[in-house]
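# Residue-level structure breakdown
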Protein chains: 2
Amino acid sequence: MDRNASVGVFDSGIGGLTVAREIMRQMPGESIVYFGDTARVPYGSKSQDTVLRYSRQIIRFLMTQKVKAIVIACNTASAYALETVEKEFDIPIIGVIRAGARTAVKATRNKKVGVIGTEGTIKSGIYTEVMNQMRPGLEVTGKPCPLFVPLVEEGLLHDSVTDEIASRYLSELKSRFVDTLVLGCTHYPLIRSTLRRLMGEDVVLVNPAYETAIELKSLLEEKGLVCDIERTPEEKYHFYVSDLAEKFTAFATSILPSEVRETKKINIEEY
Amino acid sequence: MDRNASVGVFDSGIGGLTVAREIMRQMPGESIVYFGDTARVPYGSKSQDTVLRYSRQIIRFLMTQKVKAIVIACNTASAYALETVEKEFDIPIIGVIRAGARTAVKATRNKKVGVIGTEGTIKSGIYTEVMNQMRPGLEVTGKPCPLFVPLVEEGLLHDSVTDEIASRYLSELKSRFVDTLVLGCTHYPLIRSTLRRLMGEDVVLVNPAYETAIELKSLLEEKGLVCDIERTPEEKYHFYVSDLAEKFTAFATSILPSEVRETKKINIEEY
């Protein structure tokens, strides 16, 4: 494996850019090939079969880009596909769930943790399973929040409708007095201020992106895969999507530290 | 072409069942093969390229089922793909847009028509174009309503949040005094009562499903393709999806006149 190769990062769409951004911050020397499956977004309401098939296609594509490691920056794909694909492919692959779970397990004082995510992520029960392995006896409550993704995609980040929907979704978690809440979908950090207000100042909000970047860093160090040459942002970062490349470029430029000049559209079904 | 073959009907997901239901009502003798692209839903926010590619795959699949005609029961696919695929494939294909436009053109008295639909359907401008060909001088106002599909899919058919979102979407159309409103997405008839209340009793709500079934009937008669044998519902109706077959079966049973016993899942990317 070439230590100066790129890291592959993928998501069902734009949400995983919050993970890519964290990798850029923590490991400014690393190059990234990002793929967003904008033609088949969202993953959160699809079956495990389908999400697994899509994840395999994307990993095959990323391997044609000669990446040295892959980050599944999508909670649903991490929940449904990681365990299978890490056995099938001969490349280090990490997801966002173990990282998020580890932070939550350390953060909780009253042992009551809430997890919000897509239907797929919550139905899989994986956050509960992983956290209970890490620290038995935790009370983990999962709550699917299927309308958050469309509300965020529509830009209603600070809006009375988002407040109303969030207040319905969070009421059960509040009534259980969780002191830690995992934002188990990469879109959710974008409505962090609404979630913060509704949950109150005392609840720790966990964004798995931060800890995922730390996990990637350890992995690269452990395997002797830390990049040791310097490159410009244009050389380092490459973006691919399955649809709507221009819209993606605009969004990526708005949230990443450097301008995204180009996003390439590929036909992911061919991989 | 075999007059006793089935009619193929497709949609991005479940919405097109409202069109299938209308065909069952108006032509109880006809058999139907329905395909819902539940793995790649929604189409409304995707590019024309992608929607066209998906539509071609589905038409190729339906042709393996030996259908005698195809109804594109999805406004976005009708807007983006019909004109191209009707030239490419040697089978009669109709969409839902001409039928909806024709009803609206007949219904309006003050020549002000509103159209609500997905981003794709409205951006294509096709309703405006078709209605202006049918009756020049109409004032047609299109309004994309991207949150209606997720709200309907979440079952919030009678809900204060849906009211609030609908009231924002419809305000411009109300201020233009449209007297006719085309429900340009197959999901929207499911929130008809909300739309009716907000628009008022005097505005005609046009559901293209009804007129599409009439158009199909004329087409089959014209081409000598009306079925002349009797079959049971189990023999007549067949359902295919690209994901989540059981969820589809439950929904289809809830809105169709006879129970749906089985939905088959296929890999549409292979076509």
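Figured I'd write up the structure that's included with this text. Just so we're clear, the structure is a prediction, and the values are computed from it rather than from any experiment.

Residue and element names in this part refer to chain A. Empty space within the second largest pocket amounts to approximately 390 Å³. For the second largest pocket, the lining is made up of 20 residues, of which Ser 78, Leu 82, Glu 83, Ile 126 and Val 130 are closest to its centre. In terms of residue count, the dominant contributor to the lining of the second largest pocket is helix α3 (residues 75-88) (seven residues). Tallied by class, the residues present in the lining of the second largest pocket amount to nine nonpolar, six polar and five charged.

With parallel pairing, six strands are arranged side by side in an open sheet as β4-β3-β1-β2-β9-β10 (chain B). Of all the strands in the sheet, the pair left with one neighbour each is β4 (93-94) and β10 (263-265) of chain B.

Take the pattern of salt bridges next. Residue and element names in this part refer to chain A. Under the counting rule described, the total for this entry stands at 38 salt bridges over all chains. Close ionic contact of Asp 163 with Arg 197 constitutes a salt bridge, the shortest N to O distance being 3.4 Å. Residue Asp 163 is found in helix α8 (residues 160-175), and its partner Arg 197 is found in helix α9 (residues 192-199); the two are separated by 34 residues along the sequence. Using a relative accessible area of 23% as the deciding quantity, one classes Asp 163 as partly exposed.

Residues and elements named next belong to chain A. Of the two faces of strand β3 (residues 69-72), the one lined by Ala 69 and Val 71 and the one lined by Ile 70 and Ile 72 are each fully buried. In this sheet, β3 lies alongside strand β1 (residues 7-11) in parallel orientation, the contact comprising four bridges. By the bridge assignment for β3, Phe 10 is matched with Ile 72. Sheet analysis places β3 next to strand β4 (residues 93-94), joined by two bridges and oriented parallel. Note that in β4 the partner of Val 71 across the bridge is Ile 94.

Attention shifts here to the interface of chain B and chain A. Taken together, the contacts link 33 residues of chain B with 32 residues of chain A. In total, about 2300 Å² of surface goes out of reach between chain B and chain A, with carbon and sulfur atoms giving 46% of it. One can count eight salt bridges joining chain B with chain A. Residues Arg 53 of chain A and Glu 269 of chain B are paired through a salt bridge, measuring 3.5 Å at the closest nitrogen-oxygen approach. Counting every contact that joins chain B to chain A gives 20 residue pairs in polar contact (both at pLDDT 80 or more). Counted by class, the side of chain B that touches chain A contains twelve nonpolar, eight polar and 13 charged residues.

Attention now moves to the sheet that holds strand β6 (residues 139-144) of chain B. Residue and element names in this part refer to chain B. Pairing in this open sheet of four strands is parallel, and the strands run β6-β5-β7-β8 from one edge to the other. Because the sheet does not close on itself, it has two edges, and the strands there are β6 and β8 (204-206). Shown here is a sheet whose adjacent strand axes are inclined to one another by a mean of 20°, direction ignored. Across five bridges, strand β5 (residues 112-117) lies against strand β7 (residues 180-184) in parallel orientation. Within β7, the residue paired with Gly 114 across the bridge is Leu 181. Across the sheet, helix α8 (residues 160-175) touches β5, β6 and β7, and the angle it forms with β6 is around 170°.

What counts and how
- Residues numbered from 1 in each chain as written.
- Chains lettered and ligands numbered in written order.
- Predicted model: local features only at pLDDT ≥ 70, side-chain atom pairs only at ≥ 80, totals over all residues.
- Heavy atoms only, no water.
- 1 Å grid on protein atoms, 1.4 Å probe; cavity = no way out; pocket = protein on both sides within 12 Å on 5 of 7 lines; lining within 4 Å.
- Points joined across faces, edges and corners; volume = space filled by probe spheres on them.
- Helix = DSSP H or I, 4+ residues; strand = E, 2+ residues; numbered from the N terminus.
- Nonpolar A, V, L, I, M, F, W, Y, C, P; charged D, E, K, R; others polar.
- Pairing = 2+ DSSP bridges.
- Salt bridge = Lys/Arg side-chain N within 4 Å of Asp/Glu carboxyl O.
- Buried < 20%, exposed > 50% of the residue type's maximum accessible area, 1.4 Å probe, protein only.
- Contact = heavy atoms within 4.5 Å.
- Buried area = accessible area lost by both parts, 1.4 Å probe.
- Polar contact = N/O pair within 3.5 Å; in protein donor to acceptor, adjacent residues only side chain to side chain.
- Axes fitted to C-alpha atoms, helices over the stretch in contact; angles between N-to-C directions.

Read these as layout, nothing more, since geometry by itself doesn't imply function.
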